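Spelled out from the first residue to the last, the chains are:
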Amino acid sequence: MREENRLRRQAQIEQAAYEVLEKKGYAGTSVQGIARAARASNETLYKWYGDKKGLFKALVERNTEDVKGLLETDLSSNTSAFQTLEHLGPRLLNLVLGDRAVALNRAAVADASGDLSEAIALSGREVVFPLIAKVLEDGREKGELIYDSSDEAAALYINLLIGDLQIRRVIGRLPAPTEDFCHERSARAVKYLQRLLKA
């Protein structure tokens, strides 16, 4: 019961953090301001997250949990590379094009300190990208794919799947994607990747 209460409280604090971030930007956001918005004590936030940078690192990590978990599960279960990418695509699109990712990226662009950009990179892309490269490496070892560089193959997949969609979302030129859009875009990315890299 105590763990459930903590998880519920963390969700409330993290929701408050997004609301304060959207209103004030990263530079104008403080642990104290988030604590007030969440009706929590400063001590609780410092205990759970350390400081503002730790809190936003936790937000990015929370956003990537679903995608990271899927990749780790499929890597341990001997699933084919293309099947994993079919599962991954819609979730990855929802991750990078979702309202929370958009709010974080908009704030990161305006953050002169670079702290938020660093948190997004270290706890987001730099966690997910190596796992995608590993999926493709496994596919190459199984004879499903032919390519020279795992990093280049992973970058190709990301480009086919996401392209300029994230920047268009961040600058307000693209609405939040529908489930149908994410599934269709994912299927197209896998189809073209197969054409380019299939053994």
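It should be noted that the structure appears before, not after, this text.
What you see is a predicted model; the values in this text were computed from it and never measured.

Caption draft 1: Geometry of unusual backbone geometry. In this model, Arg 39 sits at a positive phi of 55°, which is unusual for a non-glycine residue. Relative to the elements of secondary structure, Arg 39 occurs in the loop between helix H2 (31-38) and helix H3 (42-49). Despite not being glycine, Asn 78 has its phi angle at roughly 65°, a positive value. With respect to the helices, strands and loops of the structure, Asn 78 is situated in the loop between helix H4 (52-76) and helix H5 (81-97). On the basis of relative accessible area, Asn 78 is assigned to the exposed category, the value being 60%.

Caption draft 2: Summary view of the layout of surface pockets. Roughly 500 Å³ of internal volume is contained in the largest pocket. Forming the boundary of the largest pocket are 23 residues, of which Val 96, Ile 120, Gly 124, Arg 125 and Gln 166 lie nearest the centre. Those elements that provide at least two residues to the lining of the largest pocket are H4, H5, helix H6 (99-110), helix H7 (115-141) and helix H8 (150-161). A total of eight residues in the lining of the largest pocket trace back to one element, the largest contributor, which is H7. Each residue belonging to the lining of the largest pocket can be placed in one class, and the counts come to 14 nonpolar, eight polar and one charged. Approximately 160 Å³ is the volume attributed to the second largest pocket.

Caption draft 3: Structural view of the side chain of Asp 111. Tracing the backbone shows Asp 111 in the loop between H6 and H7. Of the side chains with opposite charge, Lys 52 comes closest to the buried, unpaired Asp 111, at an N-O distance of 6.6 Å. Polar side-chain contacts of Asp 111 include one of 3.1 Å to the backbone nitrogen of Asp 115. Those residues in contact with Asp 111 that sit more than four places away from it in its chain are Tyr 26, Leu 116 and Ser 117.

The rules behind each value
Residues numbered from 1 in each chain as written. Predicted model: local features only at pLDDT ≥ 70, side-chain atom pairs only at ≥ 80, totals over all residues. Heavy atoms only, no water. Helix = DSSP H or I, 4+ residues; strand = E, 2+ residues; numbered from the N terminus. Buried < 20%, exposed > 50% of the residue type's maximum accessible area, 1.4 Å probe, protein only. 1 Å grid on protein atoms, 1.4 Å probe; cavity = no way out; pocket = protein on both sides within 12 Å on 5 of 7 lines; lining within 4 Å. Points joined across faces, edges and corners; volume = space filled by probe spheres on them. Nonpolar A, V, L, I, M, F, W, Y, C, P; charged D, E, K, R; others polar. Lys, Arg positive; Asp, Glu negative; His and termini not counted. Salt bridge = Lys/Arg side-chain N within 4 Å of Asp/Glu carboxyl O. Polar contact = N/O pair within 3.5 Å; in protein donor to acceptor, adjacent residues only side chain to side chain. Contact = heavy atoms within 4.5 Å.

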